[in-house]
Amino acid sequence: MTSMSMSTASRPLPADKILVAIAFVIGLATILGAWGSQIFGGLMPCELCLAQRQAYYWGLPVLALILIFWNRIPIAVWYIVMLIAAAIFVWSTYMGTYHAGVEWGWWPGPTSCTGTGGNLSFGDLSSGNIAKVIPCDQVQWRDPIIRFSLAGYNALISALLVVLLVVAIITQARRKAA
């Protein structure tokens, strides 16, 4: 090993990269937990649950690309992509909060998964072409201690991801300014 490679190997990772990596791992664990609760736990996602997953399907590849191309992209592009990733998880925070509010009955949910089915006819029922609708306003699992549903946890986790990404952006800006 040359002295140059030793000095590169012993250099600590920048704090902003560590924060992005932590956000990626937490996000990955969250979506894997959602899939695990469906596949192994038997919980069926409703329309709002599936909408909340979209942020992870978009945000995690963005974070992965940031980590992969960390030292290869211009700093201006890095800031833009980081802001996009943060915005994706802001949207996820909103969706989780909205869904949790629907579950608690604080506001109405979408009629497609909280409606009463008022427009159904007997002909529709007998045709057999009706898909089972998973209600968005009925909680399938709630934490027995603090009473959060999975939607509530998603809101908290998504907010944590936003905080981690914003702190990474601020850390990078301070390091560049110094």
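Going by the structure above, here's the rest.
None of the values given here were measured: they were computed from a predicted structure. (Residues numbered from 1 in each chain as written. Predicted model: local features only at pLDDT ≥ 70, side-chain atom pairs only at ≥ 80, totals over all residues. Heavy atoms only, no water.)

On to the overall build of the protein chain, then. Per the secondary structure count, the protein chain includes seven helices and zero strands. Starting at the N terminus and ending at the C terminus, the protein chain contains elements arranged as α-α-α-α-α-α-α. By element, 70% of the accessible surface of the protein chain is carried by carbon and sulfur atoms, the whole surface being about 10,900 Å². (Helix = DSSP H or I, 4+ residues; strand = E, 2+ residues; numbered from the N terminus. Areas by Shrake-Rupley, 256 points an atom, 1.4 Å probe, with all protein chains shown as cover.)

Right, let's talk about the environment of A100 for a bit. Counting through the fold element by element, A100 comes out in helix α4 (residues 75-104). On the accessibility criterion, A100 (10% relative accessible area) is buried. Considering only alpha carbons, one finds A100 and L48, 52 residues apart in sequence, at a separation of 9.8 Å. Once residues within four sequence positions are removed from consideration, A100 is found in contact with A151 and G152. (Buried < 20%, exposed > 50% of the residue type's maximum accessible area, 1.4 Å probe, protein only. Contact = heavy atoms within 4.5 Å.)

With 28 residues, helix α7 (residues 150-177) extends 40 Å between its outermost C-alpha atoms, agreeing within 8% with the 40 Å of an ideal straight helix rising 1.5 Å per residue. Within the sequence span of α7, burial applies to A151, G152, N154, A155, S158, L161, V162, L164, L165, A168, I169 and Q172. The inward-facing, buried residues of α7 abut α2 (15-39), α3 (47-68) and α4. (Expected span 1.5 Å × (residues − 1).)

What follows is about the packing of α4 against α7. Packed helix pairs are specified by the crossing angle of their axes together with the interaxial distance, meaning the distance between the axes. Viewed as axis vectors pointing N to C, α4 and α7 meet at an angle of 160°, and their least axial separation amounts to 7 Å. Of the possible angle classes, the one that applies to α4 and α7 is roughly antiparallel. The crossing of α4 and α7 is left-handed. Looking at the contact of α4 with α7 residue by residue, the classes come out as 19 nonpolar, nine polar and two charged. (Axes fitted to C-alpha atoms, helices over the stretch in contact; angles between N-to-C directions. Parallel < 35°, antiparallel > 145°, perpendicular 65-115°, else oblique. Left-handed = near helix turned anticlockwise from the far one by under 90°. Nonpolar A, V, L, I, M, F, W, Y, C, P; charged D, E, K, R; others polar.)

Under the definition given, this model contains seven aromatic pairs. Measuring from centroid to centroid gives 6.2 Å for W104 and W106, while their planes differ by 15°, and the two rings are stacked. A relative accessible area of 58% means that W106 is categorised as exposed. Above the plane of the ring of W35 lies R53, whose end atom (NZ or CZ) is 5.1 Å from the centre. One cation-aromatic arrangement involves R142 over W104; the distance from NZ or CZ to the ring centre is 4.1 Å. (Phe/Tyr/Trp six-rings, centres within 6.5 Å; stacked < 30°, edge-to-face > 60°. Lys NZ or Arg CZ within 6 Å of the ring centre and 35° of its normal.)

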